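# Structure assessment
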Amino acid sequence: MIHRRRVLAALLAAVLPAFAGLAAPAAAQDKSITVASTTSTEDSGLFGHILPIFEKETGIAVKVVAQGTGQALETARRGDADVVFVHAKAQEEAFVAEGFGVERFDVMYNDFVIVGPASDPAGIAGTANATAALKRIDEAKAPFVSRGDKSGTHTAELRLWKEAGLDPASEGGDWYRSIGQGMGAALNTASAMNAYVLADRATWLSFKNRGDLKVLVEGDKRLFNQYGVILVNPAKHPHVKADLGQSFIDWLISPEGQTTIADYRIDGQQLFFPNAPEKRT
Amino acid sequence: MAETATAWQLIIGGDPTLFAILRLSLIVSLSAVAIAALVGMPLGALLALTSFRGRGAVVVVLNGLMGLPPVVVGLGVYLLLSRSGPLGDLGLLYTPSAMIIAQAVLVLPIIAALARQTIEDLWRDYRDEFVAMGVGPAGRVAALVWDGRYSLLTALLAGFGRAAAEVGTVMIVGGNIDGFTRTMTTAIALETSKGDLPLALGLGILLVAVILVVNAAAWTLRSVGETGRTA
Amino acid sequence: MRHQVFRELPLVLDAVSLRAGSVAILDHVELAIEAGAPTLVIGPNGSGKTSLLHVAMGLTAPTEGRVLWGGRLAAPPVRRALVFQRPVMLRRSVLANVTFALARAGCPWGQRRPRAEALLERVGLADLAGRAAPALSGGEKQRLALARALAREPELLLLDEPTANLDPASARRVEAIVGEAAAAGVKIILATHDLGQARRLAGEVVFMTRGRVRERAAAPAFFAAPATPEARAFLAGDIVL
């Protein structure tokens, strides 16, 4: 181990001069936090919209590592992020209960939609009932793409199947395809296969390779997708930049942050709906 | 990047974000190759010029490691550099340094294995003459590396090609952070997942073009070196 | 020279045998070679000429017996040099091949280039100094190998069939260089199966078959009246084993 450290130290000594010129693009590196978040917030362009505003105001640079919710929480558990910003409430509460997070705050929501081919072989178009739609897909054995990556969307999908009294993930059937990848990859796969897929509306709206896919089911309350933000507990990981991380959280749930989130639109459509509780004192 | 811009517009318009990404990709991959060469060339030479028990096994393992899956290397370096890992105190995860370390590990076996083969072949040629001339160990290595430099350059290019084209390690240990650790390959993966396939393809073509430019530069260097020398 | 204190001569092979398994490549060779006119080692293919030169150079250790250079055992090759039958060119320019040999012989950096140019002049390669050495013709390679060997300012120069694969004109040029070196006081030991070459160059002849020295005599005596039936047959052009 000691030997390996020495080798690595030698490597680093060789590397560091190469970065003399790299400090510039990584401006405000000294005042920055790492946020583990989800692909939906990053891919939809939300962070691209709100982070420059936040940085301009506070001078804090936010580095976003976009992962599935499960992986993002794991990253934070290992102490590799200062803040987690994800969408799977039960997992988030467990994260706080285990002592890895300080406190969870609601920030905003959007909703899931069931997307499928325009030909709609299972005949679910127009249904406002998500579980009924899933039952019809199951009966028709119509192709369905599952994220299968323990993400927030995957968690929501599994909850919906359970509420429909079905369990295609373990019953198998080749119409149910678990791909173990992010939202974008799942949409690309569904587009190529003309399959049904559960997607968050934000990623769907910013997704460009739709092919024949369209939104078939939306509006069910059970498709509600709540995002929460948590500061990683400095008691567990002392290097966590608690002050800067808390500043980011405070800003997100402040009236100004909430307005900034509400302002983000694609083609005139609002993607995320702020719903933080009134600011604590 | 603007939603409606195509890759060509970005290239022709000199999009600063695009060029920052391209620059980072080159810095990371070239640094990784430089470090891997610093370690791998002497390692390959040592292996070529020494004989010991189990040398054959070491050569086989080294050759096999040329096929190291980037994701596995990325995961290993991630666990090492994570705050919960043995080197967590350095705080290197999700930085360009972490990407350089991971790519250097990935490329090291390629450079060491190809250097060993090159130097061993040359040594087979030179051995008798060197013994007759009384060339010592240091002189041998220096002469073999110098005379094999063009073949060794190919080994470096193979390493660079591998580093510049891979996405597995940089995604895991770099985190694909916008403006900080986003490289050409992770940007391509991101645009693909956003369903912007034309932009992803455009970026891919640009990456291939850059790799070709680096290879062309190396080729020119070689041609000039071979025809232009007088001493 | 810096190494004046070490002497390579006399070269003494004391009951030297070289065996590979049950095969005797060299069989009880006794030779004491002093400074003087060139020694030509002749004999049919496989008679052990090359092995004799390698042992005399110190490249191959004998399985039995001792080799002494100037009275020393296991002496590093300071002022002796060997030109292989197929010399290997370093993948550099002709000039750089010679400067490399000069550097190995301990020539100070500042003197290498002028001395290398003088050596190339001596072997008739001055015009090709900038050429890549591996691209030379066979005869040019032999001459460059000679220049590298002469760079060591050898007291003892061993040559293994230096003209075996050369056309007559190239062979004559190589012989001329060897002759000049001999005239300048370098002790030459040259293996060949070319009897004409042996007649042209020899001061003395060592005749070998099957790993043994059969005959050693001054050249005129050997060619006029060989002592052994094998040598008589070899000189007559018969096949000798």
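Residues numbered from 1 in each chain as written. Chains lettered and ligands numbered in written order. Predicted model: local features only at pLDDT ≥ 70, side-chain atom pairs only at ≥ 80, totals over all residues. Heavy atoms only, no water.

### A few points about the overall build of chain A
Per the secondary structure count, chain A includes 12 helices and 12 strands. Classification of the 281 residues of chain A by burial places 54% in the buried group. Taking contacts inside chain A between residues at least 6 apart in sequence as the whole, the part at least 24 apart equals 74%. Looking at chain A as shown, the accessible area adds up to about 11,800 Å², and 53% of this sits on carbon and sulfur atoms. (Helix = DSSP H or I, 4+ residues; strand = E, 2+ residues; numbered from the N terminus. Buried < 20%, exposed > 50% of the residue type's maximum accessible area, 1.4 Å probe, protein only. Contact = heavy atoms within 4.5 Å. Areas by Shrake-Rupley, 256 points an atom, 1.4 Å probe, with all protein chains shown as cover.)

### Quick word on the sheet that holds strand S10 (residues 212–218) of chain C
All names here are of chain C. Spatially, the 6 strands line up as an open sheet ordered S6-S7-S8-S3-S9-S10, and their pairing is mixed. A strand with exactly one partner marks an edge of an open sheet, and here the two such strands are strand S6 (80–83) and S10. With direction set aside, neighbouring strand axes in the sheet form an average angle of 15°. In the sheet, S6 pairs with strand S7 (residues 156–160) via 4 bridges, with the strands oriented parallel. Counterpart to Leu-82 in the pairing with S7 is Leu-158. Contacting S6 and S7, helix H4 (residues 138–150) crosses the sheet at an angle of about 170° to S6. (Pairing = 2+ DSSP bridges. Axes fitted to C-alpha atoms, helices over the stretch in contact; angles between N-to-C directions.)

### Regarding the sheet that holds strand S1 (residues 11–20) of chain C
Reading across the sheet, the 4 strands line up as S2-S1-S4-S5 (chain C) and stay open at both edges, with antiparallel pairing between neighbours. Edge positions in the sheet fall to strand S2 (23–33) and strand S5 (72–73) of chain C, since each of these pairs with one other strand and no more.

### Thoughts on the pattern of salt bridges
Residues and elements named next belong to chain C. Following the criterion strictly, the structure yields 32 salt bridges over all chains and no others. Here Glu-64 ties to Arg-19 by a salt bridge, and the two come within 3.1 Å at their closest N and O atoms. Highlighted residues: Glu-64 in strand S4 (residues 64–69) and Arg-19 in strand S1, separated in sequence by 45 residues. What makes Arg-19 partly exposed here is its relative accessible area of 30%. Note that Lys-49 is salt-bridged to Glu-161, the shortest N-O span being 3.7 Å. Separated by 112 residues along the polypeptide, Lys-49 in helix H1 (residues 49–57) and Glu-161 in the loop between S7 and helix H5 (168–183) bring together distant segments of the chain. (Salt bridge = Lys/Arg side-chain N within 4 Å of Asp/Glu carboxyl O.)

### Side note on helix H5 (residues 96–133) of chain B
Residue and element names in this part refer to chain B. Under the 1.5 Å per step criterion, the end-to-end length of H5 is only 47 Å for 38 residues, more than 12% shorter than the ideal 56 Å. Maximal helix bending in H5 amounts to about 55°, located at Tyr-126. Of all the 38 residues making up H5, 28 are buried; the element is thus mostly covered by neighbouring parts of the structure. After H5 finishes, the residue Gly-134 shows a positive phi value of roughly 65°. (Expected span 1.5 Å × (residues − 1). Bend = angle between axes of the 7 residues up to and from the residue.)

### Regarding the domain arrangement of chain A
Residue and element names in this part refer to chain A. Taken as a whole, chain A is organised into domain 1 (32–110 + 224–274) and domain 2 (111–223). With centres defined by C-alpha atoms, the gap from domain 1 to domain 2 works out at 26 Å. On the side of domain 2, 20 residues touch domain 1, which itself brings 18 residues to the contact. At the junction of domain 1 and domain 2, the tally comes to 0 salt bridges. (Domains from an automatic or database assignment.)

### Some details on the pairing of strand S2 (residues 61–67) of chain A
Residues and elements named next belong to chain A. Of all 7 residues in S2, 6 are buried, a share of seventy percent or more. Pairing geometry for strand S1 (residues 32–38) and S2, over 7 bridges, is parallel. Residue pairing across strands places Thr-38 opposite Gln-67, the latter belonging to S2.

### Digging into the interface of chain C and chain B
By convention, interface size is frequently given as the accessible area that disappears when the constituent parts associate. In this assembly, 22 residues from chain C lie in contact with 17 residues from chain B. Around 1,800 Å² of area is buried between chain C and chain B when both sides are counted, 60% of it from carbon and sulfur atoms. Looking only at chain C, the three residues that lose the most surface to chain B are Val88(C), Arg91(C) and Arg92(C), adding up to 31% of its buried area. Summed over the shared surface of chain C and chain B, the number is 3 salt bridges. A salt bridge links Arg148(C) to Glu129(B); the nearest nitrogen and oxygen atoms lie 3.3 Å apart. Inspection of the region where chain C meets chain B yields 6 residue pairs in polar contact (both at pLDDT 80 or more). (Buried area = accessible area lost by both parts, 1.4 Å probe. Polar contact = N/O pair within 3.5 Å; in protein donor to acceptor, adjacent residues only side chain to side chain.)

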